[in-house]
Amino acid sequence: ITTVMSGKDKTKITVKRTDKKKKGKKKGKRNKKWGMKLKLRCVEAKAVEVPIGSAFKSTDVYIGKNDKKKAKSKTVNKRVICASNAGDKGIRVNTDHKNAGDTFKITTVMSGKDKTKITVKRTDKKKKGKKKGKRNKKWGMKLKLRCVEAKI
């Protein structure tokens, strides 16, 4: 199951069947369909600030600079959930460029038992009066996000 927080109030949940075909059955690939009426129990995620003494344990994830013209991904060796706006001004926890107006879209995908892939994409627009063209998706700050450990 993959959960992606893709905006202020939007979450995409993807379910993929991963079991293997039993021995002795017909040859070929596993049919990825299922007949059950699958239900999931989810919790509402509002993981921007984690109060001290909270049931959730916060963890800071260092993403760093991005010198490429595309989103930056990092895999961490623990299960974490990051708010989709965790890289925005006033929410990110890095101390360099803390007042910069850069905005980011953060997606977290848990993969495997204890791994999470975090993808960061810069989303702010160019300011009026600046050079023409699209926004450069690079950033120079040493981006650090505050996330919560997922006990799932």
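I will try to describe carefully the structure that is included in this document. Starting from 1, residues in each chain are numbered consecutively following that chain's sequence as written. Predicted model: local features are reported for residues with pLDDT of at least 70 only, side-chain atom pairs are reported and counted for 80 or more only, and whole-chain, interface and lining totals are derived from all residues. Only hydrogens and water are removed before side-chain values are computed, so all heavy atoms of the structure are retained for them.

**Side note on the sheet that holds strand S8 (residues 139-149)**
Note the threshold: Strand pairing is defined by DSSP finding a minimum of two bridges between the two strands. Strands are runs of DSSP state E lasting at least 2 residues, helices are runs of H or I lasting at least 4, and numbering of each runs from the N terminus.
A sheet is described by the order of its strands in space; here three strands give the open sequence S3-S8-S5, paired in antiparallel fashion. The two strands at the open ends of the sheet, each matched to only one other strand, are strand S3 (58-66) and strand S5 (80-81). Bridge count for S3 against S8 is seven bridges, and the pairing is antiparallel. Note on S8: the bridge partner recorded for Thr59 is Cys147.

**Regarding a nonpolar patch on the surface**
Which entries qualify depends on this criterion: For patch detection, residues must exceed 30% relative accessible area and be free of salt bridges, and they are connected within 9 Å for like charges or within 5 Å for nonpolar side chains (Val, Leu, Ile, Met, Phe, Trp, Tyr). Every accessible area reported is derived by Shrake-Rupley at a probe size of 1.4 Å, with residue values counting cover from the shown protein chains alone. Any Lys or Arg side-chain nitrogen found within 4 Å of a carboxyl oxygen on Asp or Glu counts as a salt bridge. The buried label goes to any residue with under 20% of its type's maximum accessible area, the exposed label to any with over 50%, and the partly exposed label to all in between, with areas taken from a 1.4 Å probe on protein chains only.
Together, Ile13, Val15, Trp34, Met36, Leu38 and Leu40 give the surface a local cluster of nonpolar side chains, amounting to about 510 Å² of exposed area. You can call Leu40 partly exposed: its relative accessible area is 38%.

**Structural notes on the pairing of S8**
Here two bridges tie S5 to S8, and the two strands are oriented antiparallel to one another. Paired with Val80 across the strands is Glu149, a residue of S8.

**Looking at the sheet that holds strand S6 (residues 104-110)**
What links the strands of a sheet is backbone hydrogen bonding, and the strands pair in either a parallel or an antiparallel sense. Put simply, the test is: For every element, the axis is a line fit to its C-alpha atoms; helices are fit only across the contacting stretch, and the angle between N-to-C directions ranges from 0 to 180 degrees.
Spatially, three strands are ordered S4-S7-S6 in an open sheet, and the strand pairing comes out antiparallel. Each having just a single partner strand, strand S4 (72-76) and S6 make up the two edges of the open sheet. Between one strand axis and the next, the sheet turns by 20° as a mean value, whatever way the strands run. One ladder, built from seven bridges, connects S6 with strand S7 (residues 116-122); its direction is antiparallel. Bridged to Thr108 within S7 is Ile118.

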